[in-house]
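Structure assessment
Each chain, written out:
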Amino acid sequence: METANEVLTNMSDQRAVSVALQKGGVGKTTVAINLAERLANRSNDVLLVDLDQQGNATEGVGLADAYQNDVHIGHVLEDSSETTLGDVIREAGSFDVLPANEDLDSVENSIRSATFGELWIRNEIIDPVLEDTYDYVVVDSPPNLGPLADASLISTQNVIVPLRMSEPSVSGFERMYTQQITPIRKEIDLDIMAIVPNALSGDNEEKRIIGNLEESEFGKYLPEFARTDHFDDPDSPGPGIRERIAFRRAWREGVPLAEYDPESDMLERLDALAAVVERGGVLGA
């Protein structure tokens, strides 16, 4: 019987990336939405795929109504269904969105029970749209360990990890690396494009944790804007993506940060993250 590795031979595409951490409350959805917008702002055609059962990215781009649609992503994945991607993809300003749906739990159950079910997202969504329509796909992954979260990482084979600089958040990444990334890497390539300190306020604990991360084996995945040098730079707001109330207000209004606050100092950081994706990661292609 073929393994997942054999099925996915030579299929990795650096134009697809999951934003993932198996712990909630780290700003994962905020990063996914605004990364999609910044990639689009750089003259790319972008699709944001919301695989989080909570549907926060769908709501955060003004498509809350789609969460309860009768026709949704699950139908695209059904062999017997005539539903196409065009039936469910929606426009959200400068980029398009494949919305989440309240029925995503049943999709996860189908992935769990099917042979190579974790490849469905790749075969039915990621590969077709990258071949025909979009330059980049950004996937907002579920904040847990499970078949749908695995399918997200397997479908893109690239991941950006947003982290709050707190011990629970770092512990969540350590569990994700041990329990999810490492097992998947035994079957297929899975690259960490970047680790992004997120929602920082600038206290000494954050400085300590960034310093520890920088000195660890994962320090090579920190983008330049996330490094400790920014603590001592008087012209810098500090490392990472900083806490800004505009992020929450933009989500509430159903728009990306750039539309809500085009003068935000964090747009430069998000644009730098988009550039990381374009070159295939912090370490380059």
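So, a few notes on the structure that sits alongside this text. Note that the coordinates shown come from a computational prediction; the quantities given were computed from them, not determined experimentally.

1. Focus: a negative patch on the surface
Residues Asp70, Glu78, Asp79, Glu102, Asp103, Asp105 and Glu124 make up a contiguous surface patch of negative charge. Structurally, Asp70 is set in the loop between helix H3 (56-60) and helix H4 (73-76). A residue is classified by how much of its surface remains accessible, and Asp70, at 69% relative accessible area, is exposed.

2. Some remarks on the nonpolar core
Most often, soluble globular proteins keep nonpolar side chains buried together rather than apart. Of all hydrophobic cores here, the largest spans 66 residues; its most connected members are Leu35, Leu48, Phe95, Val138, Ile160, Phe173 and Ile195. Residue contributions to this core peak at 7 residues, all from helix H2 (residues 28-41). Apart from the residues lying within four places of it in its own chain, the contact partners of Ile160 are Val17, Ser18, Val19, Ala20, Leu35, Met193, Ala194, Val196, Leu273 and Val277. If you look at the next biggest cluster of nonpolar residues, it comprises 25 residues, including Ala16, Leu77, Leu104 and Ile126.

3. Describing helix H9 (residues 167-185)
Taking 1.5 Å as the rise per residue, H9 with 19 residues should run 27 Å; its terminal C-alpha atoms sit 25 Å apart, in good agreement. The largest bend in H9 is about 40°, located at Tyr177. Three or more residues of H9 are buried, namely Ser169, Val170, Gly172, Phe173, Met176, Tyr177, Gln180, Ile181 and Ile184. In this structure, the buried residues of H9 make contact with helix H8 (147-156), strand E6 (158-163), strand E7 (191-200) and helix H10 (204-215).

4. Details of the packing of helix H7 (residues 120-132) against H8
At their nearest, the axes of H7 and H8 sit 8 Å apart, and the two run at 55° to each other. Between H7 and H8, the crossing angle belongs to the class labelled oblique. Crossing of H7 against H8: the hand is right-handed. Between H7 and H8, the contacting residues are Ile121, Arg122 and Ile126 on the first element and Ala151, Ile154, Ser155 and Thr156 on the second. Tallied by class, the residues present in the contact of H7 with H8 amount to 4 nonpolar, 2 polar and 1 charged.

5. A word on the pairing of strand E5 (residues 136-140)
The buried fraction of E5 is high, at 5 of 5 residues. Burial of E5 is two-sided: the residues Tyr136, Val138 and Asp140 facing one way and the residues Val137 and Val139 facing the other way are all buried. For strand E2 (residues 46-50) and E5, the ladder comprises 5 bridges, and the chain directions are parallel. Among the inter-strand pairings, Asp50 is bridged to a residue of E5, identified as Asp140.

6. Some points on the packing of H8 against H9
Two elements in contact, H8 and H9, have axes whose closest approach is 10 Å; the angle formed by their N-to-C orientations is 50°. Classified by the interaxial angle, the pair formed by H8 and H9 is oblique. Like other packed secondary-structure pairs, H8 and H9 cross with a definite hand, here right-handed. Mapping the contact onto sequence places Ala149, Asp150, Leu153 and Ile154 in H8 and Met176, Gln180 and Ile184 in H9.

7. Considerations on the side chain of Ser236
Tracing the chain through its elements places Ser236 in the loop between H10 and strand E8 (241-242). By relative accessible area, Ser236 is classed as buried at 16%. A polar side-chain atom of Ser236 sits 3.0 Å from the main-chain amide nitrogen of Gly238. At 3.2 Å, the side chain of Ser236 forms a polar contact with the side chain of Arg269. In contact with Ser236, other than residues within four places in its own chain, are His230 and Arg269.

The rules behind each value
Residues numbered from 1 in each chain as written. Predicted model: local features only at pLDDT ≥ 70, side-chain atom pairs only at ≥ 80, totals over all residues. Heavy atoms only, no water. Patch = residues over 30% accessible without salt bridge, like charges linked within 9 Å, V, L, I, M, F, W, Y side chains within 5 Å. Areas by Shrake-Rupley, 256 points an atom, 1.4 Å probe, with all protein chains shown as cover. Salt bridge = Lys/Arg side-chain N within 4 Å of Asp/Glu carboxyl O. Lys, Arg positive; Asp, Glu negative; His and termini not counted. Charge placed at Lys NZ, Arg CZ, Asp CG, Glu CD. Helix = DSSP H or I, 4+ residues; strand = E, 2+ residues; numbered from the N terminus. Buried < 20%, exposed > 50% of the residue type's maximum accessible area, 1.4 Å probe, protein only. Core = buried A, V, L, I, M, F, W, Y, C linked by side-chain atoms within 4.5 Å. Contact = heavy atoms within 4.5 Å. Expected span 1.5 Å × (residues − 1). Bend = angle between axes of the 7 residues up to and from the residue. Axes fitted to C-alpha atoms, helices over the stretch in contact; angles between N-to-C directions. Parallel < 35°, antiparallel > 145°, perpendicular 65-115°, else oblique. Left-handed = near helix turned anticlockwise from the far one by under 90°. Nonpolar A, V, L, I, M, F, W, Y, C, P; charged D, E, K, R; others polar. Pairing = 2+ DSSP bridges. Polar contact = N/O pair within 3.5 Å; in protein donor to acceptor, adjacent residues only side chain to side chain.

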